[in-house]
Amino acid sequence: MSEGLLNILEEQSAMGFTGKINVLLKKNSQSFAVVLMHEGQLIHCLGANKSGEKALLDLIFQDVSSTYDFKLVVEPEVVTADEGVFTWSVGELKKKSRSVYENYLSNQKLRPPSNLKLVIKSEFIIDGDEVLHHEFDVLSTISDYSRVQDIYENCSLLEYEITQALVSLRKKGAIKVLAGG
């Protein structure tokens, strides 16, 4: 595990840091994400397929769960408040991260096996119920990726949001499960 992204963010926040924190994969130094701070406040995060608040929450989850081993590089840099898409203190980030983790735990048992393939039922597109925003995002992802693992990797939602949307779409009869691939 890395030095701990939350610890680094806390240290930099206490110093009123302005710049970026590069989050690299330790095994090959490939960029995983970038966190921008302005005067000690978190203002933006860019990840592989997410940006903004969701990217930062997902990044914290990945770090805390030790999904990846990170190397963190702190770079003082001119970052303006205009580059931000949100403004959070590290305390706010911790509170929101706790909520995401609790939702993840409560939805973990509902996550479908990674090797299953899902398809959208054409009847649903024609005559189905209305879909919520998260459901639409998942349906859009399913239209490009049918394997559950690929849906989780390529959808811009947080993991628990994807799980909740899949469960809801299944109940609405919007998706059909094919055998694992």
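Residues numbered from 1 in each chain as written. Predicted model: local features only at pLDDT ≥ 70, side-chain atom pairs only at ≥ 80, totals over all residues. Heavy atoms only, no water.

**A closer look at the overall build of the protein**
Applied cut-off: Helix numbers and strand numbers start at the N terminus; a helix is a DSSP run of H or I with at least 4 residues, a strand a run of E with at least 2. Between two residues, a contact is recorded if the distance between any of their heavy atoms is within 4.5 Å. In these tables, accessible area is a Shrake-Rupley quantity obtained with a 1.4 Å probe, and a residue counts as shielded only by the protein chains included in the view. A residue counts as positive if it is Lys or Arg and as negative if it is Asp or Glu; His and the chain ends are not included. To locate a charge, take NZ of a lysine, CZ of an arginine, CG of an aspartate or CD of a glutamate.
Looking only at helices and strands, the protein features 7 helices and 6 strands. Element order for the protein, N to C, with α for helix and β for strand: α-β-β-β-α-β-α-β-α-α-α-α-β. Along the first, second and third principal axes, the C-alpha atoms of the protein reach 55 × 35 × 25 Å. Long-range contacts, defined as pairs at least 24 residues apart, comprise 70% of the intrachain contacts of the protein with a sequence gap of at least 6. Summed over its atoms, the accessible surface of the protein is roughly 9700 Å², and 50% of this surface lies on carbon and sulfur atoms. Taken together, the 19 basic and 25 acidic charged side chains of the protein have centroids lying 8 Å from each other.

**Topic: the environment of Lys27**
We apply this condition: Burial here depends on accessible area, computed with a 1.4 Å probe over protein chains only, as a share of the maximum for the residue type. Under 20% is buried, over 50% is exposed, and the range in between is partly exposed.
You can see Lys27 is positioned in the loop between strand E1 (19-25) and strand E2 (31-38). Among the residues examined, Lys27 registers a relative accessible area of 75% and is labelled exposed.

**Digging into the nonpolar core**
Quick note on the threshold: Nonpolar cores are built from buried Ala, Val, Leu, Ile, Met, Phe, Trp, Tyr and Cys residues. Side-chain atoms within 4.5 Å join them into one set.
One finds Leu9, Leu42 and Leu56 to be the most contacted residues of the largest nonpolar core, which totals 26 residues. Elements with a contribution of two residues or more to this core: helix H1 (5-14), E1, E2, strand E3 (41-47), helix H2 (53-64), strand E4 (70-76) and helix H3 (90-107). Here the element with the most residues in this core is H2; it accounts for 5 residues. The next biggest cluster of nonpolar side chains, apart from the first, holds 17 residues, and it includes Val138, Ile142, Ile151 and Ala165.

**Focus on the side chain of Gln12**
If you trace the backbone, Gln12 turns up in helix H1. Overall, the relative accessible area of 8% leaves Gln12 in the buried class. In this view, Gln12 contacts Phe17, Ile21, Met37, Gly40 and Val74; residues no more than four positions away in its chain are not counted.

**So, the packing of H1 against H2**
Spelled out, the test is: Working convention: axes come from line fits to C-alpha atoms, limited for helices to the stretch in contact. Angles between N-to-C directions cover 0 to 180 degrees. Every angle not falling under 35 degrees, over 145, or within 65 to 115 is termed oblique; those three ranges are roughly parallel, roughly antiparallel and roughly perpendicular. Lys, Arg, Asp and Glu make up the charged group, whereas Ala, Val, Leu, Ile, Met, Phe, Trp, Tyr, Cys and Pro make up the nonpolar group; the residues left over, Gly among them, are polar.
It is at 9 Å that the axes of H1 and H2 come closest, and there the two elements cross at 125°. With respect to each other, H1 and H2 are oriented oblique. On the side of H1, the interface is formed by Leu5, Leu6 and Leu9, while H2 contributes Leu59, Ile60 and Asp63. For the contact of H1 with H2, a count of residues per class yields 5 nonpolar, no polar and 1 charged.

**Topic: the sheet that holds E2**
Worth spelling out the cut-off: Two strands are counted as paired when DSSP detects at least two bridges linking them.
What the 4 strands build is an open sheet, ordered E3-E2-E1-E4; its pairing is antiparallel. Edge positions in the sheet fall to E3 and E4, since each of these pairs with one other strand and no more. Across this sheet, the average inter-strand angle for adjacent strands is 20°, counted without regard to direction. Its contacts with the sheet place H1 against E1, E2, E3 and E4, and it is angled at close to 165° to E1.

**So, H3**
Where we set the bar: Helix span is expected to be 1.5 Å times the residue number reduced by one. As used here, the arc belongs to the directions running from the helix axis to the C-beta atoms.
With 18 residues, H3 should reach 26 Å at 1.5 Å per residue; the first-to-last C-alpha distance of 26 Å fits that figure. Restricting attention to buried positions, one finds in H3 the residues Val90, Leu93, Ser97, Val100, Tyr104 and Asn107. Burial along H3 is one-sided: seen end-on, the buried residues are contained in an arc of 105°. Exposed positions of H3 whose direction lies more than 90 degrees from the buried face are Lys95 and Glu102. Next to the buried residues of H3 lie H1, E3, H2 and helix H7 (159-171).

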